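Structural overview for review
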Amino acid sequence: MQVKAIRLGISYIQCLLLCVYSHSNVYASDIVSASSWIHRVDVSAYYGFIWAHCPAITHLQEKNLPLIQLSFSHQTEGNKEWHHRYSFPNLGVGILYGNLGRPEVTGHAFSVAPHISLPLYRGNIFDLFIRHNLGLAYLTKKHDPLLNAENNAIGSHVNIFYSSTINMQLKTRQHGKLSGGLGLIHFSNGSVRKPNLGINVPVIMLTYTRRIVPVNKIPEPKSRTDNTRNTSLLFSLAGGVSRVSPYEDQLFPAYSLAATISRKISTKRNIGLGADLFLNYADKQIMLIKEPKHSTINELLKPGIHLSYEQAFGKVDFIIHNGIYLAE
């Protein structure tokens, strides 16, 4: 339960940052755009530690850890309406590498992830950005009951990589710029293979940005309407696999059905309320271990409710659901 609470807390922090961003007043008349897709290169150095979000992984906090990230990005040019709504964010891809504090136990991490960098504030002295990265990571060490039992946080080499950082960049006239900030990096596999307590790394960072192509002035923002009266009903069906324990290779199918009533509160975001129904056949195996008997599908179904937050980027929406089970 403590791990679930921590993960919910992280999701709420991310949602809060998005809300703060959505309310910020950012002016982009002085932003520039590139004549080619890649117009700048960023090199970021991170320094952090493994956050013991549950007592079971406290032993992994032995050493702090360094990471480095190389990113290529493009300044949106205003040819889509959402570019203007978000004051012309940067889009790109980053490659991250580093050790996870105890290389002999947690190993090294290598990730490739697309990113979006959203301006929160633009001033005469500095600019403030929030950047989200979401991609895949390969971790060189994973849990092994015989060879690496100490690593009880990660059960697979391939994992999801996610990070959010807030950066402050000083205004200069040079092509190269320095920025610093804070962030959180996360690795986990969604319980495809257990253990999956996950690795969370709070970091401080220093970034050097180099513009590599000439730039042109961005056009003035387009006029836009703000229709806040739209209500929609969204159905979503998801599927995956799970395991009962780290010591079994058998995969069990898992499904979820969600229905959400969503209300548009601005051109950028929606909020909603919904209901869920979960079916995980790994639960059937656990029930058989506890009490050998036939389990009906009704006994396996788990109802739930959730709150929904949607951030709209043109034809793409990023949706966060946080909720609780009504029965387990």
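See the structure shown above.
Residues numbered from 1 in each chain as written. Predicted model: local features only at pLDDT ≥ 70, side-chain atom pairs only at ≥ 80, totals over all residues. Heavy atoms only, no water.

**With respect to the packing of aromatic side chains**
- Throughout the structure, instances matching the rule amount to seven aromatic pairs.
- When the centroid spacing of 5.6 Å and the interplanar angle of 85° are considered together, the rings of Phe 313 and Phe 318 count as edge-to-face.
- Judged by relative accessible area, Phe 318 falls into the partly exposed class, the value being 48%.
- Each residue in the set Trp 82, Tyr 86, Phe 313 and Phe 318 is aromatic and connected to the rest through ring pairs, giving one cluster.
- When the ring centre of Tyr 86 is taken as origin, the NZ or CZ atom of Lys 268, which lies over that ring, is 5.3 Å away.
- The side chain of Lys 302 reaches across the aromatic face of Tyr 325, ending 5.3 Å from its centre. (Phe/Tyr/Trp six-rings, centres within 6.5 Å; stacked < 30°, edge-to-face > 60°. Buried < 20%, exposed > 50% of the residue type's maximum accessible area, 1.4 Å probe, protein only. Lys NZ or Arg CZ within 6 Å of the ring centre and 35° of its normal.)

**So, the sheet that holds strand E13 (residues 269-280)**
- Here five strands make up an open sheet; going across it, the order is E11-E12-E13-E14-E15 and the pairing antiparallel. Each edge of the open sheet carries a strand with a single partner, namely strand E11 (231-242) and strand E15 (316-325). Going across the sheet, the axis of each strand differs from the next one's by a mean of 25°, ignoring polarity.
- Here E13 runs beside strand E14 (residues 301-313); their pairing, made up of eleven bridges, is antiparallel. Paired with Gly 272 across the two strands is Ser 308, which belongs to E14. (Pairing = 2+ DSSP bridges. Helix = DSSP H or I, 4+ residues; strand = E, 2+ residues; numbered from the N terminus. Axes fitted to C-alpha atoms, helices over the stretch in contact; angles between N-to-C directions.)

**So, the sheet that holds strand E5 (residues 108-122)**
- Reading around the circumference, E2-E3-E4-E5-E6-E7-E8-E9 is the order of the eight strands in this closed barrel, with antiparallel pairing throughout. Across the sheet, the mean angle from the axis of one strand to that of its neighbour is 25°, orientation sign disregarded.
- Of the strand pairs in this sheet, strand E6 (residues 126-139) and strand E7 (residues 158-170) are connected by 13 bridges, and their pairing is antiparallel. Paired with Phe 129 across the bridge in E7 is Asn 167.

**Quick notes on the environment of Lys 268**
- Within the secondary structure, Lys 268 is located in the loop between strand E12 (252-264) and E13.
- Taking the C-alpha atoms as reference points, Lys 268 and Asp 317, 49 residues apart in sequence, are found 9.4 Å from one another.
- At 3.3 Å, the side chain of Lys 268 and the backbone oxygen of Arg 85 are in polar contact. (Polar contact = N/O pair within 3.5 Å; in protein donor to acceptor, adjacent residues only side chain to side chain.)

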